[in-house]
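Given next are the chains, with one letter for each unit.
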Amino acid sequence: MEVTLLLAAGGGAAGLFGSLLGLGGGILIVPMLTLGFGLDVRHAVGISLLGVVATSSASAAVYLQRHVARLRLGSLLELGTVGGAIAGGLIAFALDGRLIAGLFAAMLLYTALSMLWRRSDGGDGGEDGSAEVLPETWPRHLGGGVVAGVVGGIVSALLGVGGGVVLVPAMHLLMGLPMRAATATSNLMIGVTVTASAFLYVSRGAVDAFVAGPTVLGVVVGATLGSRVSHRIDLRVLRLLFVVVLCIVAAQMAARALDLHGIPLLTRG
Amino acid sequence: MADWQAGLGGGPARTELGLALDRRLARLLVGGMIVSVVLIGVGVALMLVAGEVPLRNPAPRIDLARLPADLAALRPEGFLWLGLLVGLGTPFARVLIAFATYAAGRDRRGALVTAAVAGSLLLSLALALGTR
């Protein structure tokens, strides 16, 4: 019973902080399951993908209701992300788990640096109404967007994250989509993208329902709570603290990649 | 082409069909997520009641043929798997409904793109089932 509740609590924390900091839960679920519960990194990625689907469905619904997400553009780019996710899902089972852990550590470090950069840049941007004004010449570089979608799909399937880390900058910087619309459209695409690779993880036995159930439940509850309280919390200090946490977790994932990892909190018995 | 590009942006030229589709898909996603979470919640509650321990080695694999029997017997794994599969099926259903709406509205480009996405998802499902 304790392990079930710990998994739910861990998932809840991942969902809560992922939602508060705009990171998505995936980036926190994988380290939690590998470093905290001793899961093989591929099993952690498989479970993380299921958590990502659940949270992306909820947030995509809000964005669609507000007509911020671009369904047609998302559908077009999904051709790339789904292709990438299938390729990534197949590649993931051919790679050594230590390499995946190493890639994950690199992504954590990149995310930490991005958070620092956004902070010095004056915040997230794009949340104000002005971000909704569409440039006249867009969408630019549609082909480039599809290619970025393929990369985003591969990253998502390999590391158990939504792929927004690639998709949002591609839509915003490359295609000229306003930041808020890029975030909303990325959220919409994530569900379909992740589903494509999750099929592969589930069918190959990389998802344990007894671990996934409590974790996904916790993630959904945490993410829902986070979306409700985010406007009441000063995120500046939290963001800075989280940069430190991400760097520590990145170091631990890197240690795992180099086979230097210590004893996890709980292990398979 | 101009219509399609405007639709891609979802800007000023967004059609009533597109706005109605947004609302319909939003309801579908919320509904699917609620059903999924409720099923998973029941599964977790049954896990706690039955004293099921996670992190067993090896991890139990999905067995679709056993799913109805597991549900009928109120075994936690049946509810957990069904909830997780509903979660995965929801974005897939979103693509199918978008396709059906575009096709019914004679929006050929929209129908073609969403059909291709649905086809890609079916390919991933076929690969998953074929390479177990």
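Residues numbered from 1 in each chain as written. Chains lettered and ligands numbered in written order. Predicted model: local features only at pLDDT ≥ 70, side-chain atom pairs only at ≥ 80, totals over all residues. Heavy atoms only, no water.

Draft legend 1. Molecular detail of the overall build of chain A. A count of helical and extended segments in chain A gives ten helices and zero strands. Helices (α) and strands (β) of chain A occur, in sequence order from the N terminus, as α-α-α-α-α-α-α-α-α-α. For chain A, the residues scored as buried account for 58% of the 269 residues in total. Long-range contacts, defined as pairs at least 24 residues apart, comprise 85% of the intrachain contacts of chain A with a sequence gap of at least 6. Summed over its atoms, the accessible surface of chain A is roughly 9,900 Å², and 67% of this surface lies on carbon and sulfur atoms. (Helix = DSSP H or I, 4+ residues; strand = E, 2+ residues; numbered from the N terminus. Buried < 20%, exposed > 50% of the residue type's maximum accessible area, 1.4 Å probe, protein only. Contact = heavy atoms within 4.5 Å. Areas by Shrake-Rupley, 256 points an atom, 1.4 Å probe, with all protein chains shown as cover.)

Draft legend 2. Up close: the confidence of the model for chain A. Residues and elements named next belong to chain A. Across chain A, the average pLDDT comes to 83, with 88% of residues at 70 or higher. Averaged pLDDT values for the elements of chain A fall to 81 in helix 10 (residues 235-257) and rise to 94 in helix 4 (residues 71-92). Every residue in residues 122-137 is under pLDDT 50, and counting partners more than four places away or in other chains gives 21 contacts. (pLDDT = per-residue confidence, 0-100.)

Draft legend 3. Representation of unusual backbone geometry in the model. Positive phi values are uncommon outside glycine, yet His67 of chain A reaches one of about 60 degrees. Take His67 of chain A: it is sitting in the loop between helix 3 (41-65) and helix 4. Positioned with a positive phi, Leu74 of chain B is a non-glycine residue whose angle comes to about 55 degrees.

Draft legend 4. Local environment of the interface of chain A and chain B. Every contact between the two is made by 61 residues of chain A and, on the other side, 61 residues of chain B. Carbon and sulfur atoms make up 74% of the surface buried where chain A meets chain B, a total of about 5,500 Å² over both sides. For chain A, the biggest contributors to the area lost against chain B are Arg72, Phe199 and Phe210 of chain A; these three give 17% of the whole. Viewed at the interface, chain B and chain A are joined by two salt bridges. The salt bridge involving Asp107 of chain B is made with Arg72 of chain A; its shortest N-O contact spans 2.0 Å. Going through the elements one at a time, helix 1 (2-21), helix 3, helix 4, helix 8 (179-203) and helix 9 (209-229) of chain A are the ones with two or more residues in the side of chain A that touches chain B. Its residues placed into classes, the side of chain A that touches chain B shows 43 nonpolar, twelve polar and six charged. (Buried area = accessible area lost by both parts, 1.4 Å probe. Salt bridge = Lys/Arg side-chain N within 4 Å of Asp/Glu carboxyl O. Nonpolar A, V, L, I, M, F, W, Y, C, P; charged D, E, K, R; others polar.)

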